[in-house]
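Architecture at a glance
So you can see what is in the structure, the chains are spelled out below.
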Amino acid sequence: MKQINVVSLFLVLILSACGGTESKVDSALEEQILYFGNGTEPKDLDPHTVTGVPESHILMALLEGLVIRHPEGLDPLPGVARSWDVSEDGKTYTFNLRDTAVWSNGDPVTASDFVWAWERMLTPSLGSKYPDMLYDVVNAEEFNQGIITDFTKVGVKALSSQQLLVKLKNPAPYFLGLLAHYTTRPVHRPTIEKFGEIDTLGSLWTRPGNFIGNGPFTLKEWQLNKVLKVKKNSLYWNAEQVKLNEIHFFPVDNATREDLMFRAGQLHVTSTVPLEKVPVYTKEYPDLIHIDPYYGTYYLRVNVKKEPFDNKLVRKALSLSIDRKEIVENVSKGGQLPAFSFTPPDPNSYYPPTSLEFNPELARSLLDEARISKEKVPTFELLYNTSEGHQKLAQAIQQMWKENLNIDVQLTNTDWKVYLSRQSIGDYSIARAGWIGDYVDPKTFLDMMVTGRGNNQTGWSNSEYDDLLVKAAQSPSQEERFKNFYKAEKILIDELPIIPIYTYTRIYMLNQDVKGWSPNLLDTHPYQFVYLER
Amino acid sequence: MISLILKRLATAIPVLLAVITLTFFMVHSAPGGPFDEEKAVSPEVLLKLNERYNLNEPLMVQYFDYLGNVLQGDFGPSFRYPSRSVTELISIGLPITFELALYAILFALMLGIIAGVISSLRPNTAYDYIPMTVAMAGICIPSIILGPSLTLIFGIWLNWLPVTGWGDIPGDKILPTITLGTAYAAYCARLTRGGMLEILNQDFIRTARAKGLSEFRVVVVHALRGGLTPVIAFLGPAMAGLLAGSFVVETIFGIPGLGRFYVEAAFNRDYTMILGTSIFFSCLIISFNLLSDLVAASLNPRLRDQ
């Protein structure tokens, strides 16, 4: 046994040599480095081809659009554009660019940079997945679909190097909000052309050393599956405002490991919290756990092409027998709110006048009514992607339907890609789904349910609904727009091709040293306002 | 010896071909494609993407195209990381996984051989039972439990070691090494014990003892050489298993190795990456098995003639 003792003594020596050092979070105070838990590894850093939330966190540091998001979620703030004029009909925007805005190599950021970036984003052969962000611009959709090939016909022009003119099809009060989204930010043309053509997918321009951005930070280091580091850009027009020296984005896709990292002082902010720990942390660390309202809805998608779900009464009965209050209080347990509409209510502006009650008795009578020609609702599948949270919720709903309607539901969990593919080809009965808005406006939700939209996937089609969305788009005032949206939302909640369950919350851990971080519906926290202080 | 190598290489070719063919058709028949995303992709964009990655051709054409590319050493671009090739991803992940596997095997050998020798010297006493019980426990505890437990004890409660990372914070390689190496250390211990027991009963050991050599010399110089043969035969498959099976430990500790790429590729339907890593791992396993056979043959003359 002597040898083993020697070994363990040796190990203890090594271990004790490593102990007792200050944590990364402690030393970050001096260095002003933000350690950021960023979910999954970014696919790429090309704003025109990526789609994910982790990528958006990094691109917010590296690129800046005409406007930037307000740290408290209010109206956008000036970014590259120092000011803008909107015509009376709300369809023409003239942006005045600041002459102090430069790329990280010193080149000025000009109006033509935006024109070229938008041309690239809309070029059909690039295969951008977010071209609809610019579809409000005159002829943008036509260009993206290859109906026209002359980009000069698209409603964006550089009047001078500092002035950008944008013409819209419809007055779009949310348009400034879109301009804060990463897909509409400029890209550095000479760099992209150095590594490929306008439509080259996956060229080397996004690598450290190649990437030229105009944001408050520049790309310093990118180690795949390990860390992506950005450092302060001294050439940024508002560099004085930027207090952080670096941000290190860690791709931590495992909630348990992320939790350990946070507890060991290796992260300032996490992307999530392990489900089972939310109640414990809420009690024990109320200062560290953050449960913020979030612009997203958790819902069930119903395949209305399948019997018996083609019958509105059946869908209604299913919805009426779900106790949403019970679900948020005892199943999801993360401060979520029962949803009564598809669009999450924004207490400051849009508040849909709809309701979704829990009334099993009414549900049963509706089912009786619907069953006139049918024997019984057959056993059907509730599809969800493999995850503990979705599973618990599916089980709760399964039980509610059994208890209240005596309907048997079979739970089916599949991996993410199978789950997506089965919905897109309509091979499902009912599936869980979630949607997070890209900007704060009902359009980002309601547009999805228009006939034939890629994310509709329910087979539901209602011409009155489609008309109301067109009307909303053409409404001259926000008030009238919302009126049309309210009407559309009422149709949706009456028809229920989707059954809303709850409004999401953003649950994460945040170190108390992080200042200038305000909760907001889109969960965006522009880094120029963030700093570390104890 | 040369004929052994040639024979092995000749059997390797059909094995690799079978791996490529099976993997190719399996990944392509799995439901869900690489471009299925939450935000539905329009049919036009999907068409463009399929064209770009040669997915619009009939499957047999794609298969032969792929074989042709592999023969030229081109594994193609990754679907998940559009700006990176499969070769680049392997070259990023491999050195890290290799380093981890190497530390784990060294840890396993060090601990396993010592424990095995100790138990073989006094069989069926407490000196034998205790290390062997611990070894049995080591084989049984999966790394998915051992890793988080070690992290909790040494990382959070005692705050001695970092809970994650690889080469960032001093000491962050210790816990992954122990987690990955423990099961192999246990195997090593049992194999060493078995090998040693067989050798220690042989005549030449008795002769050595009769000559008056010290016990240390008898064990380390004479017995160990033969007693370790089973351990050495185990090394090849162990190293291959460590390399291909390190993904659990890599996930627990956030190590950016090849194992994680491999598993993620399957979830992402990253066809080229799944194929590339499968082929690569197959080659590794074949070479390590060959290598360990060669080492075993050179140590044990009886095997050389076979």
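One structure accompanies this document, and this report is about it.

Calculation notes
- Residues numbered from 1 in each chain as written.
- Chains lettered and ligands numbered in written order.
- Predicted model: local features only at pLDDT ≥ 70, side-chain atom pairs only at ≥ 80, totals over all residues.
- Heavy atoms only, no water.
- Buried < 20%, exposed > 50% of the residue type's maximum accessible area, 1.4 Å probe, protein only.
- Helix = DSSP H or I, 4+ residues; strand = E, 2+ residues; numbered from the N terminus.
- Arc of directions from axis to C-beta.
- Contact = heavy atoms within 4.5 Å.
- Pairing = 2+ DSSP bridges.
- Buried area = accessible area lost by both parts, 1.4 Å probe.
- Salt bridge = Lys/Arg side-chain N within 4 Å of Asp/Glu carboxyl O.
- Polar contact = N/O pair within 3.5 Å; in protein donor to acceptor, adjacent residues only side chain to side chain.
- Phe/Tyr/Trp six-rings, centres within 6.5 Å; stacked < 30°, edge-to-face > 60°.
- Lys NZ or Arg CZ within 6 Å of the ring centre and 35° of its normal.
- Core = buried A, V, L, I, M, F, W, Y, C linked by side-chain atoms within 4.5 Å.
- 1 Å grid on protein atoms, 1.4 Å probe; cavity = no way out; pocket = protein on both sides within 12 Å on 5 of 7 lines; lining within 4 Å.
- Points joined across faces, edges and corners; volume = space filled by probe spheres on them.
- Nonpolar A, V, L, I, M, F, W, Y, C, P; charged D, E, K, R; others polar.

1. Describing helix α12 (residues 360–370) of chain A
Residue and element names in this part refer to chain A. Turning to α12, its buried residues are Pro360, Ala363, Leu366, Leu367 and Ala370. Around the axis of α12, the buried residues are gathered within 115° of arc, so they sit on the same side. Exposed side chains of α12 directed beyond 90 degrees from the buried face belong to Glu361 and Asp368. In the core, the buried residues of α12 are packed alongside α10 (312–320) and α13 (388–405).

2. Examining the pairing of strand β5 (residues 92–97) of chain A
Residue and element names in this part refer to chain A. By the criterion of burial, β5 is predominantly enclosed, with 6 of the 6 residues buried. Neither face of β5 is exposed, since Thr92, Thr94 and Asn96 on one face and Tyr93, Phe95 and Leu97 on the opposite face are all buried. Taken together, the 5 bridges between strand β4 (residues 81–86) and β5 define a ladder with antiparallel strand orientation. The partner of Trp84 across the bridge, within β5, is Phe95.

3. Here's the deal with the interface of chain B and chain A
The interface of chain B with chain A comprises 56 residues on the first partner and 55 residues on the second. Buried area between chain B and chain A, summed over both chains or domains, comes out near 5,000 Å², and the portion from carbon and sulfur atoms is 61%. For the pair chain B and chain A, the interface holds 6 salt bridges. For the pair chain B and chain A, the number of links is 16 residue pairs in polar contact (both at pLDDT 80 or more). Listed by contribution, the elements that provide at least two residues to the side of chain B that touches chain A are α2 (43–52), α4 (86–121), α6 (143–157), α11 (247–253) and α12 (258–268) of chain B.

4. Points about the pattern of salt bridges
Any two side chains of opposite charge can pair if their charged atoms end up close together. Residue and element names in this part refer to chain B. Taken as a whole and judged by the stated rule, the model has 33 salt bridges over all chains. Between Arg209 and Glu215 there is a salt bridge, with the nearest N and O atoms lying 2.9 Å from each other. Take Arg209: its relative accessible area is 36%, and that puts it in the partly exposed class.

5. A closer look at the packing of aromatic side chains
Residue and element names in this part refer to chain A. Tallying each qualifying case throughout the model produces 47 aromatic pairs over all chains. Both rings, one in Tyr350 and one in Phe485, keep their centres 6.5 Å apart while their planes meet at 80°; by these two values the pair is edge-to-face. With a gap of 135 residues between them, Tyr350 in the loop between β12 (337–338) and α12 and Phe485 in helix α17 (residues 478–495) connect regions that are remote in the sequence. For the pair Tyr350 and Phe485, one class covers both residues: buried. Stacked on the ring of Trp237, the Lys or Arg Arg98 has its end atom at 3.5 Å from the ring centre.

6. A short note on the nonpolar core
Membership of the largest hydrophobic core comes to 170 residues, with the highest contact counts inside it found for Phe95, Trp118, Leu164, Val166 and Phe175 of chain A. Here the element with the most residues in this core is α4 of chain B; it accounts for 13 residues. The contacts of Leu164 of chain A, once residues within four sequence positions are left out, are Leu66, Tyr93, Thr94, Phe95, Leu97, Ala111, Phe114, Val115, Val156, Lys157 and Ala158 of chain A. Counting residues in each nonpolar core, the second largest holds 38 residues, with Ala370, Ala396, Leu496 and Tyr502 of chain A among its members.

7. A closer look at empty space enclosed by the protein
Enumeration over the complete set of coordinates arrives at 6 cavities of 30 Å³ or more. One number sums up the size of the largest cavity: a volume of about 130 Å³. Taken together, 16 residues make up the lining of the largest cavity; nearest its centre are Lys226, Phe250 and Met261 of chain A together with Thr164 and Gly165 of chain B. Each residue belonging to the lining of the largest cavity can be placed in one class, and the counts come to 5 nonpolar, 5 polar and 6 charged. Looking at the second largest cavity, its volume works out to about 80 Å³. Taken together, 13 residues form the lining of the second largest cavity, with Phe36, His57, Trp517, Asp523 and His525 of chain A sitting closest to its centre. Contributing elements (two or more residues each) for the lining of the second largest cavity: β1 (33–37) and α3 (53–62) of chain A. Residues of the lining of the second largest cavity, tallied by class, amount to 5 nonpolar, 6 polar and 2 charged.

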